[in-house]
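Here's the letter readout for the chains.
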Amino acid sequence: MNRRDFITQSCLTCLGAGIFPAALSGCQSAHYATGVIETNGISVAQAEFVFEKKGQPAIRQFIVIHHDKLEFPIYLYRISDSEYSALWMRCTHQGSELNASGDHLYCTSHGSEFDFKGNVKQGPAEKNLRTFKTLVQHEKILIELT
Ligand code: FES
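An account of the accompanying structure is given in this report. Bear in mind the structure is a predicted one, so any value in this text is a computation, not a measurement.

### Quick notes on the packing of aromatic side chains
The geometry of an aromatic ring pair is captured by two quantities: the separation of the ring centres and the angle between the planes. For the structure shown, the criterion picks out six aromatic pairs. A ring pair is formed by F49 and Y84, whose centres lie 5.3 Å apart and whose planes are at 50°; its orientation type is tilted. On the criterion of sequence distance, the pair formed by F49 in the loop between β3 (41-45) and β4 (50-53) and Y84 in strand β8 (residues 83-88) is long-range, its members being 35 residues apart. Neither residue differs from the other here; F49 and Y84 are each classed as buried. On the basis of an interplanar angle of 70° and a centroid distance of 5.8 Å, the ring pair of F72 and W88 is categorised as edge-to-face. On the criterion of sequence distance, the pair formed by F72 in the loop between β6 (62-66) and β7 (74-80) and W88 in strand β8 is long-range, its members being 16 residues apart. The class for F72 is buried, based on a relative accessible area of 10%. For R130, the ring lying beneath its charged end belongs to W88, and the centroid distance is 5.8 Å.

What follows is the structure, encoded as structure tokens:
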């Protein structure tokens, strides 16, 4: 199953299950943000999570951070205004780049899936994703890359 088929199937499944609000947040497309390299990691403005929906401010569930110096992007999931989950988007099975969809990540190479905390939900991957500590300061989210 390719990425488009997976997303389409996932969205249709959500709608079919009658969980419309969850489907809306789960099916939102990824927002890509360029991180700023700091001495101990990479940062993004919290404002990257804010977007306008029907003239009203709304909050994204997750964003994807990239930078030329990063080999793989980082998935940043918003748990609350002060708590985030940051994951290395490299599959622990054979190293393919993962795709993000709402509160989970999936690998199109062999089908592994991970939750927003990096836990394996479906193999063949056996190891959880690499995670990073996050710190919210001055309306920025710092992701510690050490
Ligand atoms: S490389 Fe991701 S499932 Fe195999």
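Moving on, there is more to tell.
### Points about the sheet that holds strand β2 (residues 36-38)
Strand order in the open sheet made by the four strands is β2-β3-β15-β14, with antiparallel pairing throughout. At either end of the open sheet lies a strand with only one pairing partner, and these are β2 and β14 (134-137). Between one strand and the next, the sheet's axes are offset by a mean angle of 30°, whatever the strand orientation. As defined by bridge partners, β3 adjoins strand β15 (residues 140-144) across five bridges and the pair is classed as antiparallel. Along β15, the bridge assignment pairs A45 with K140.

### Details of unusual backbone geometry
The residue after G123, namely P124, is reached through a cis peptide bond having omega 20°. With respect to the element layout, P124 can be found in the loop between β12 (120-122) and β13 (131-132). Although it is not a glycine, E139 adopts a positive phi angle of roughly 65°. Here E139 is to be found in the loop between β14 and β15. The exposure class assigned to E139 is exposed, which follows from its relative accessible area of 62%.

### Some thoughts on the sheet that holds strand β9 (residues 99-101)
If you trace the four strands from one edge of the open sheet to the other, you get β9-β10-β11-β12, paired in antiparallel fashion. Two strands in the sheet have a free side with no partner beyond their single neighbour: β9 and β12. Pairwise comparison of adjacent strand axes, ignoring direction, gives a mean angle of 30° for this sheet.

### Things to note about the pairing of strand β5 (residues 56-59)
Inspection of the sheet shows β4 paired to β5 by four bridges, in the antiparallel sense. Pairing of E52 across the sheet is with P57, part of β5. Connecting β4 to the antiparallel partner β5 that follows it, the hairpin turn spans two residues, and K54 within it adopts a positive phi of roughly 55°.

### Let's talk about the pairing of β8
Counting buried positions along β8 yields five of six residues, so the element is predominantly enclosed. Note: β7 against β8, six bridges, orientation antiparallel. Considered in β8, the bridge of Y75 is made with L87. Linkage of β7 to β8, two consecutive antiparallel strands, is achieved through a turn of two residues.

Thresholds, definitions, all that
Think of each chain on its own: its residues are numbered from 1, step by step along the sequence as written. In keeping with the predicted nature of the model, local features appear solely for residues at pLDDT of at least 70, side-chain atom pairs appear and are counted solely at 80 or more, and the whole-chain, interface and lining totals rest on all residues. Computation of side-chain values covers all heavy atoms of the structure but excludes hydrogens and water. When two rings of Phe, Tyr or Trp (its six-membered ring) have centres within 6.5 Å they constitute a pair, described as stacked for plane angles under 30 degrees, edge-to-face for angles over 60, and tilted for the intermediate range. Here a strand is any run of E in DSSP of at least two residues, a helix any run of H or I of at least four, and the numbering for each starts at the N terminus. Three labels apply to residues, based on accessible area from a 1.4 Å probe with only protein chains included: buried if under 20% of the type maximum, exposed if over 50%, partly exposed otherwise in between. The criterion is that NZ of a Lys, or CZ of an Arg, lies within 6 Å of the ring centre and within 35 degrees of the ring normal, and then a charge sits over that ring. In this analysis, strands are considered paired if DSSP registers two or more bridges between them. Fitting a line to C-alpha atoms yields each axis, with helices limited to the stretch in contact; the angle taken between N-to-C directions then spans 0 to 180 degrees.

Purely spatial values, then, with no claim about function.
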